[in-house]
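# Understanding the architecture of this molecule
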Amino acid sequence: MSPIWHPFTQHGLNEPIPLIERAGGALLYGEDGRQIIDAISSWWVTTHGHCHPPIMQAIAEQAGKLDQLIFAGFTHRPAEDVAAGLRAIMPDCLTRVFFSDSGSTSVEVALKMALGFWAHQGESRSRIVVMEHSYHGDTIGAMSVGERGVFNQPYDPLLFDVTSIPFPAADPQPTLDALEAACRDGAAALIVEPLVLGAGGMKFYAPAVLAEMSAICARHGTLFIADEVMTGWGRTGTLLACAQADIAPDILCLSKGLTGGAIPLAVTMASEPVYAAHLSTDRAKMFFHSSSYTANPIACAAANANLAIWRDEPVLERVKRLETRLSERVDALAGKRAIRNARVHGGIAAFELGEGDGYLSGDVPAMMRHCLDRGVLLRPLGSTIYAMPPYCITEEQLDAVFDAIATI
Ligand code: PMP
């Protein structure tokens, strides 16, 4: 029996845990010889496909040169190139790039930057505004700004207080009113997943609402933090979801697709005022955050290969085509199965099956087993079934994914 304790896994249910040996494109290859279509991009990270050759080559070349370097007081070319590459394609106002190594840490960094911004100006603004159903990671700070529920209930005594605004459903006015009130009360920052709430159930909301939320924050000086850890790198049809609302955040969290999903890396980008608030001859005002692997050179090399792909290849056209193909299949499925609330945005398709809502509703292990038996990796969020495949998934592979779903 393996001693491994897997994430988000109830080992007491004895679910099978396939052993994967290699991968390519949208396919995982098991040690037992079977093929599995990765319909969720291995937790939303893989954008161009697994083991994408230019990214693998960049990793191999960098591994022969510089493996790891303390990033406090030192720098290296791969990190400098990532920072310059991001500056070239991310909103102009995001002038500073802070490296870390996961989506959760990019969120922790964003929250610490926001509080530092106010503290160093002598203002006691520390209240964070969050959106109902949000997910920002599983560290204590990231959980604090996420939806409270079964997944973090035991840790509740450690989570800090936030102000939660309603998810903007059919009528977004209550959301906007609640945000306005929180900002008027001196909120330090709002953190949101732009346009799509991922782990909260692939819930979509309109760009106009996002734009209005950004405008409300700007009116009150509340910092606007966009957590594009999942939505970034084309998932919603544009490089950033924020682009569809024609807005730029004060602080931006990126990870997952930053390296094409090949290797862990994250950045938190900040506007000049956020950086300037920490800039001083006073060492007590420096930004006190680091992790051992901050800006790991091999991870940065992968990110540079990803940035080159975004510069040189029509990635968004691929996502557009995927969106069309997903829509066709969801429409066809709706003709066969009673699905609710079918929705497609960029490379994400989602709908509800059955009656219940919530993370533990629906027999997720049984649904996963059903799909795995048909060579498809899906991981429903309760009764919400979604597909978020790598952009290179083929027609036949997509058919197989939806055939598996149709027979759940
Ligand atoms: N923010 C969002 C929006 C996410 O979807 C996730 C991960 N699914 C995270 C943060 C946390 O990222 P990580 O798992 O890399 O810590």
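Everything in this summary refers to the structure shown in the same document. In this text the structure is predicted, and so the values were computed from the model without any measurement.

## A short note on helix 7 (residues 207–220)
When the terminal C-alpha atoms of helix 7 are compared, their 20 Å separation across 14 residues agrees well with the 20 Å that a helix rising 1.5 Å per residue should span. Those residues of helix 7 that fall on the buried side of the exposure criterion are Val 209, Leu 210, Met 213, Ser 214, Ile 216 and Cys 217. Projected down its long axis, helix 7 carries its buried residues within an arc of 160°, all on one side. For helix 7, the exposed residues lying more than 90 degrees away from the buried face are Ala 208, Ala 218 and Arg 219.

## Notes on the packing of helix 10 (residues 315–336) against helix 12 (residues 395–406)
Between helix 10 and helix 12, the least distance of the axes is 11 Å, while the angle of their chain directions is 30°. Here helix 10 lies roughly parallel to helix 12, going by the angle between them. With respect to the hand of their crossing, helix 10 and helix 12 are arranged in right-handed fashion. On helix 12, the residues that touch Leu 322, Arg 325, Leu 326, Arg 329, Val 330 and Leu 333 of helix 10 are Glu 395, Leu 398, Asp 399, Phe 402, Ile 405 and Ala 406. Of the residues contributing to the contact of helix 10 with helix 12, the split by class is 8 nonpolar, no polar and 4 charged.

## Some details on the site of the ligand
Inspection of the region around the ligand gives Trp 44, Ser 102, Gly 103, Ser 104, Tyr 135, His 136, Gly 137, Glu 193, Asp 227, Val 229, Met 230 and Lys 256 as its neighbouring residues. The separation between an oxygen atom of the ligand and a polar main-chain atom of Gly 103 is 2.8 Å. Within the side chain of Lys 256, one N or O atom sits 3.0 Å away from a nitrogen atom of the ligand. Its free accessible area being 390 Å², the ligand has 82% of it covered by the protein chains. Looking at the shell around the ligand, its residues break down into 4 nonpolar, 5 polar and 3 charged.

## What about the side chain of Arg 125?
Turning to its location among the elements, Arg 125 is positioned in the loop between helix 4 (103–119) and strand 5 (128–131). We note that Arg 125 is buried and unpaired, the nearest opposite charge coming from Glu 123 at a distance of 4.2 Å. A distance of 3.2 Å separates a polar atom in the side chain of Arg 125 from the backbone oxygen of His 220. Ignoring anything within four residues of it in the chain, the contact list for Arg 125 reads Leu 115, Trp 118, Gly 186, Ala 187, Ala 188, His 220, Gly 221 and Thr 222.

## A closer look at the packing of aromatic side chains
Summed over the entire model, instances satisfying the criterion amount to 7 aromatic pairs. When the ring of Phe 8 is compared with that of Trp 43, the centres are 6.1 Å apart and the planes differ by 85°; the resulting orientation is edge-to-face. Of this pair, Phe 8 sits in the segment before strand 1 (20–24) while Trp 43 sits in helix 1 (residues 41–44), and the two are 35 residues apart along the sequence. For Phe 8, a relative accessible area of 40% translates into the label partly exposed. Assessed through its relative accessible area of 36%, Trp 43 is described here as partly exposed.

## Side note on a nonpolar patch on the surface
On the surface, a nonpolar cluster with roughly 370 Å² of combined accessible area is contributed by Phe 8, Trp 43, Val 150 and Phe 151. By the secondary structure assignment, Val 150 is in the loop between helix 5 (140–144) and strand 6 (163–165). Overall, Val 150 belongs to the exposed group, its relative accessible area being 51%.

## Some details on the pairing of strand 5
Residues of strand 5 alternate between two faces, with Ile 128 and Val 130 on one and Val 129 and Met 131 on the opposite face, all of them buried. For strand 5 and strand 7 (residues 189–192), the ladder comprises 3 bridges, and the chain directions are parallel. Across the sheet, the residue bridging to Val 130 is Ile 191, located in strand 7. Pairing of strand 5 with strand 6 involves 3 bridges; the strand directions are parallel. Its bridge partner being in strand 6, Val 130 is matched across the sheet by Ser 164.

Cut-off values and rules
- Residues numbered from 1 in each chain as written.
- Predicted model: local features only at pLDDT ≥ 70, side-chain atom pairs only at ≥ 80, totals over all residues.
- Heavy atoms only, no water.
- Helix = DSSP H or I, 4+ residues; strand = E, 2+ residues; numbered from the N terminus.
- Expected span 1.5 Å × (residues − 1).
- Buried < 20%, exposed > 50% of the residue type's maximum accessible area, 1.4 Å probe, protein only.
- Arc of directions from axis to C-beta.
- Axes fitted to C-alpha atoms, helices over the stretch in contact; angles between N-to-C directions.
- Parallel < 35°, antiparallel > 145°, perpendicular 65-115°, else oblique.
- Left-handed = near helix turned anticlockwise from the far one by under 90°.
- Contact = heavy atoms within 4.5 Å.
- Nonpolar A, V, L, I, M, F, W, Y, C, P; charged D, E, K, R; others polar.
- Near = heavy atom within 4 Å.
- Polar contact = N/O pair within 3.5 Å; in protein donor to acceptor, adjacent residues only side chain to side chain.
- Areas by Shrake-Rupley, 256 points an atom, 1.4 Å probe, with all protein chains shown as cover.
- Lys, Arg positive; Asp, Glu negative; His and termini not counted.
- Salt bridge = Lys/Arg side-chain N within 4 Å of Asp/Glu carboxyl O.
- Phe/Tyr/Trp six-rings, centres within 6.5 Å; stacked < 30°, edge-to-face > 60°.
- Patch = residues over 30% accessible without salt bridge, like charges linked within 9 Å, V, L, I, M, F, W, Y side chains within 5 Å.
- Pairing = 2+ DSSP bridges.

Fair warning: the whole summary comes from geometry, so function is off the table for now.
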